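Notes for the structure review
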Amino acid sequence: MGTLNLPRKVSVLGSTGSIGVSTLDLFEQAGVDIEVIGLTAGRNVARLAEQALRWRPQVAVIQDESLLPELRERLKGSGIRSEAGDQAVADVAAADAQWVMSAIVGFAGLAPTLAAARAGAVVALANKESLVCAGPSLLRTAKLAGGAVIPVDSEHSAIFQVLDPALAESVSRLILTSSGGPFRNATREEMANATLEQALAHPNFSMGAKISIDSATMMNKGLEVIEAAYLFSMPPERIEVLVHPQQIIHSMVEYADGSTLAQLGPPDMRPPIACAFAWPDRLSWPAPKLDLVTAGPLTFQHPDPAKFPALSIAKQALQAGGQAPAAMNAANERAVSAFLDRRIRFLDIPNVVAETLERMDRTADLSTLNDAVESARQTDAAARRVADEVVGDLAAA
Ligand code: NAD
Ligand code: MG
């Protein structure tokens, strides 16, 4: 076998989450020769310390500063530096790793992801919210710095693998597949009464709580439509969503000549992470094999717009442009968090997002300021305030 040109120095942002854990597991199983220079987590100090003792990074960062004493205690005598806070997370992202896994959840991932891009690293992007809120700036920053953004989201990884950039003009459609989430077969009435436990029960994957709820509302697919539009410079009307419960085909590219290219794999996030790690090479590791015979029939259906209004809300935000996607994302983060706290009901989530966008449209300027990132930040803060008002109104009703 030839020698692969793999990154050596890597950092993992959000190392204790579902994607972070899968990333370190892939490294372990592939037996790659890497130096992990930084690991960061939000609040899971026990798991972060455990990972740090295994991977011996230069620095381990916990975002929640109140947990720093515990992290220091757990890493005492190890020689591993411990830090805390948002700036320390961004500093890890900006350090001299060649490859940075961006796997923080939510808007909180934007600043560190931008820092990694500015430093010229190859950014393996799981944190879709940063693309949704500041996609063009993030991609431009990476390009100017001589780095790259490689999608980890399985749908975008699929498209990235089968879309030949030289043929972009000849692409007629991108087809994003979706599991349909836990409420694929539910009635709208069942969804109205859905419990938190039902909404969290994703059919094929164990993921973080936020993306699990996004999958149940299909806002996850809405975010992914925006993500695809930015990553592949595709207008919204040429991006389609198909429900494909088996999650074997991860997405497709339809060319103008009538040929459609699909990427297939088992429902597992490690292959797309491996792809982002070794690109343009291919990593050899004991990957789970796709068995199409036991996978059973592959089925497809259109998503039901009445059950999943989040999809059209996202398409409208993309079409509106400017800061609308950032406002939508912020409202969704607040609505999901209110649902996780059992303060609103399941179908209130898309209502909070729609109502927030409507109120903001009346009161705020959703157009782009000169500094797109700063304006995304302002929009994010403003939309959070409005969404919290909407949640408050709902919770009081
Ligand atoms: P998760 O909740 O399991 O993990 C999130 C990680 O971010 C954890 O390490 C957490 O400690 C850290 N974190 C949380 N808040 C933080 C903050 N304010 N500052 C710094 N760190 C913070 O989430 P996940 O399922 O691993 O998803 C991570 C990202 O990847 C999300 O954007 C998600 O949409 C995307 N994604 C996930 C999957 C999946 O299969 N889980 C698939 C595709 C895309
Ligand atoms: Mg996805």
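One can find the structure itself at the top, above this paragraph.
Let us look at the structure shown here. All values reported here derive from a predicted model rather than from experimental measurement.

For the rest of this paragraph, the subject is helix H2 (residues 45–55). For H2, the complete set of buried residues consists of Val45, Leu48, Ala49, Gln51, Ala52 and Trp55. Along the axis of H2, the buried residues cluster in a sector spanning 165°; they form a single face. Looking one or two residues beyond H2, the residue adopting positive phi is arginine 56, at roughly 50°.

Of all hydrophobic cores here, the largest spans 132 residues; its most connected members are Phe27, Leu71, Met101, Leu174, Leu283, Met328 and Phe346. The leading source of residues in this core is helix H15 (residues 324–340), at ten residues. Every residue in contact with leucine 71, bar those within four places of it in the chain, is listed here: Val45, Leu48, Ala49, Ala60, Ile62, Ser82 and Glu83.

So, about the packing of helix H4 (residues 86–94) against helix H5 (residues 110–118). Viewed as axis vectors pointing N to C, H4 and H5 meet at an angle of 25°, and their least axial separation amounts to 7 Å. When the axis of H4 is compared with that of H5, the two are roughly parallel. Between H4 and H5 the crossing geometry is right-handed. In contact with Val89, Ala90, Ala93 and Ala94 of H4, H5 contributes Pro112, Ala115 and Ala116. The residue makeup of the contact of H4 with H5, split by class, is seven nonpolar, no polar and no charged.

Turning to the coordination of the magnesium ion (ligand 2), a few remarks are in order. Working reference: metal with six octahedral donors, ideal angles 90 or 180 degrees; metal with four tetrahedral donors, ideal angle 109.5 degrees. For the magnesium ion (ligand 2), the full set of protein donor atoms is Asp153 (OD), Glu155 (OE) and Glu224 (OE), and the range of their distances to it is 2.1 to 2.2 Å. Judged by its relative accessible area of 8%, aspartate 153 is buried.

Around ligand 1 sit 23 residues, and of these Thr16, Ser18, Gly42, Glu129 and Gly208 come closest. One of the backbone nitrogen or oxygen atoms of alanine 126 is found 3.4 Å away from an oxygen atom of ligand 1. For ligand 1, the protein covers 86% of the area, taking 820 Å² as the surface of the free molecule. Looking at the shell around ligand 1, the elements with two or more residues in it are helix H1 (18–30) and helix H6 (128–144).

A few words now on unusual backbone geometry. For the peptide bond that leads from tryptophan 279 to proline 280, omega is 5°, which places it in the cis range. Take proline 280: it is sitting in the loop between helix H12 (270–278) and helix H13 (292–295). With a phi close to 50°, arginine 56 is a non-glycine residue in the positive phi region. Here arginine 56 shows up in the loop between H2 and strand E3 (59–62). Given a relative accessible area of 46%, arginine 56 falls into the partly exposed group. Phi at serine 233 takes a positive value of approximately 45°, unusual for a residue other than glycine. Along the polypeptide, serine 233 turns up in the loop between helix H11 (219–231) and strand E9 (239–243).

What counts as what
Residues numbered from 1 in each chain as written. Chains lettered and ligands numbered in written order. Predicted model: local features only at pLDDT ≥ 70, side-chain atom pairs only at ≥ 80, totals over all residues. Heavy atoms only, no water. Buried < 20%, exposed > 50% of the residue type's maximum accessible area, 1.4 Å probe, protein only. Helix = DSSP H or I, 4+ residues; strand = E, 2+ residues; numbered from the N terminus. Arc of directions from axis to C-beta. Core = buried A, V, L, I, M, F, W, Y, C linked by side-chain atoms within 4.5 Å. Contact = heavy atoms within 4.5 Å. Axes fitted to C-alpha atoms, helices over the stretch in contact; angles between N-to-C directions. Parallel < 35°, antiparallel > 145°, perpendicular 65-115°, else oblique. Left-handed = near helix turned anticlockwise from the far one by under 90°. Nonpolar A, V, L, I, M, F, W, Y, C, P; charged D, E, K, R; others polar. Donors = N, O, S within 2.8 Å, 3.2 Å for Na, K, Ca; no water. Near = heavy atom within 4 Å. Polar contact = N/O pair within 3.5 Å; in protein donor to acceptor, adjacent residues only side chain to side chain. Areas by Shrake-Rupley, 256 points an atom, 1.4 Å probe, with all protein chains shown as cover.

In short, geometric facts, not functional conclusions.
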